[in-house]
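Per-entry structural report
Now for the letters of each chain:
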Amino acid sequence: MEVKFKEERDKLVRHLKKIGYIKSERVEDAMLNVQRHLFVPFDEIKYAYEDRPLPIGAGQTISAPHMVAIMTEYLKLKKGDKVLEIGAGSGYQAAIISRIVGEGGKVISIERIEGLADFARENLKRAGIKDVEVMRGDGSLGFEPEAPYDKICVTCAAPDIPEPLVGQLRVGGRMVIPVGRHAQELYLLDKGEDQIVKRKVGGVIFVPLIGRYGF
Ligand code: SAH
C-alpha cells in the first residue's frame, strides 16, 4: 500500500512540476514527503493523489494539490519562518509549510470547527509532524500572542483582507489570501516599512472564512 501511494505521489508531483505549479525544490521536496493520504477521511484515501479537493467533513474540503503548490510557492517560505495559517482543515497545508520552515520555524494554524481542529491534530501526529500548533478559534482575528508572523496563509475566502492579520504580519512579510464575495481572487499582500502592496494573481475557489472579519 505504502509503495503504491509513493508511486502515485511521485506521479502527481511530476505532473504539478511539468505544468508549472511546483517551481522550487523546497515545495517539490515537501509535496514528495508529506503523505496526503494521511490527511483525508478513510473513504477518500483512494483519491488522495488525484489533483482535486476532497471532502473532510463539516462541509469543508482539503484543497487540491495544485492549489497547495500555488499557495506555498507564493509564500516564499524560508527555513526558520514563523507562519500563521487560517483554516487548519485537514492539517495538510500546515504540514507542507512545516516541512519547509523546518525545526527552527513554527506554524500556528487556527481552525473554527472543533471537530476539524481535532482531525488536523490527529493527522499531523500520524504524519509525525511536531512543529505545528493547531488552535480552535476565529482566525480572522489572527493570534496576537505569537505575532508578528513572517508569513500568513489564509485557506478560506474573506470578503476583505482582515485588518488584524495585516497588523500581525512582520514588516517584510507576506500574506497569501483568497478574497471575494462572489468571484474570488488570490491576493498577495507584501508589508513594507511604510507601504502595503497588494497584488491579485488569479481566480480561485475556497470555502468562506466565517468570523468577525469574515462572512
Ligand atoms: N488548509 C486546509 C484547508 C481547509 S478548508 C487543509 O489543508 O486541509 C478551510 C478551513 O477554514 C475550513 O476547515 C474552515 O472550517 C476554516 N475556517 C473558516 N473560517 C474560519 C475562521 N474564521 N477561522 C479559522 N478557520 C476558519
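Look up a bit, the structure's there.
All values reported here derive from a predicted model rather than from experimental measurement.

The rules behind the values
Residues numbered from 1 in each chain as written. Predicted model: local features only at pLDDT ≥ 70, side-chain atom pairs only at ≥ 80, totals over all residues. Heavy atoms only, no water. Pairing = 2+ DSSP bridges. Helix = DSSP H or I, 4+ residues; strand = E, 2+ residues; numbered from the N terminus. Axes fitted to C-alpha atoms, helices over the stretch in contact; angles between N-to-C directions. Contact = heavy atoms within 4.5 Å. Near = heavy atom within 4 Å. Polar contact = N/O pair within 3.5 Å; in protein donor to acceptor, adjacent residues only side chain to side chain. Core = buried A, V, L, I, M, F, W, Y, C linked by side-chain atoms within 4.5 Å. Buried < 20%, exposed > 50% of the residue type's maximum accessible area, 1.4 Å probe, protein only. Parallel < 35°, antiparallel > 145°, perpendicular 65-115°, else oblique. Left-handed = near helix turned anticlockwise from the far one by under 90°. Nonpolar A, V, L, I, M, F, W, Y, C, P; charged D, E, K, R; others polar.

Think of a sheet as strands paired side by side through backbone hydrogen bonds, with each pair either parallel or antiparallel. If you walk across this open sheet you meet the seven strands as β5-β4-β3-β6-β7-β8-β9, and the pairing is mixed. The two strands at the open ends of the sheet, each matched to only one other strand, are β5 (132–136) and β9 (196–204). For this sheet the average axis-to-axis angle between neighbouring strands, irrespective of direction, equals 15°. As judged from the four bridges shared by strand β6 (residues 149–154) and strand β7 (residues 169–179), these two strands associate in the parallel manner. Residue pairing across strands places C153 opposite V176, the latter belonging to β7. The strands touched by helix α5 (residues 114–126) within the sheet are β4 (106–111) and β5, with β5 carrying the most contacts at an inclination of about 165°.

A cis amide bond, omega 5°, links A147 with the succeeding residue P148. Inspection of the secondary structure assignment puts P148 in the loop between β5 and β6. At A58, a position not held by glycine, the phi torsion is positive, near 55°. Within the secondary structure, A58 sits in the loop between β1 (54–57) and β2 (60–62). In this model, K76 sits at a positive phi of 45°, which is unusual for a non-glycine residue. Topologically, K76 is positioned in the loop between α3 (65–75) and β3 (82–86).

The next point concerns the site of the ligand. In the vicinity of the ligand there are 26 residues, among which E85, S90, E111, G139 and I210 approach most closely. G87 is positioned with one of its backbone polar atoms (N or O) 2.9 Å from a nitrogen atom of the ligand. For the ligand, an oxygen atom lies 3.1 Å from a polar atom in the backbone of Q93. Sorting the residues of the shell around the ligand by element identifies β2, β3, α4 (92–101) and β4 as the ones contributing at least two each.

Next up on the list: the side chain of E146. With respect to the helices, strands and loops of the structure, E146 is situated in the loop between β5 and β6. At 2.8 Å, the side chain of E146 and the side chain of K106 are in polar contact. If sequence neighbours within four positions are ignored, E146 has contacts with K82, K106 and I108.

Counting residues in hydrophobic clusters, the biggest one holds 49 residues, and the most contacted among them are M31, F39, Y92 and I97. Breaking this core down by element, the ones donating at least two residues are α1 (2–18), α2 (25–33), β1, α3, α4, α5, β5 and β8 (184–191). Ranked by residue count, the leading element in this core is α4, at seven residues. Look past the residues within four positions of Y92 in its chain and what remains in contact with it is M31, V34, R36, F39, I62 and V68. Counting 20 residues, the second-largest nonpolar core is a separate cluster that includes C156, L169, M175 and L209.

At a minimum axis distance of 9 Å, the contact between α1 and α2 shows a crossing angle of 155°. Considering their axes alone, α1 and α2 lie roughly antiparallel with respect to each other. The handedness of the crossing between α1 and α2 comes out as right-handed. In contact with R9, D10, V13, L16 and K17 of α1, α2 contributes E28, M31 and L32. Here the contact of α1 with α2 is built from residues that sort into four nonpolar, no polar and four charged.

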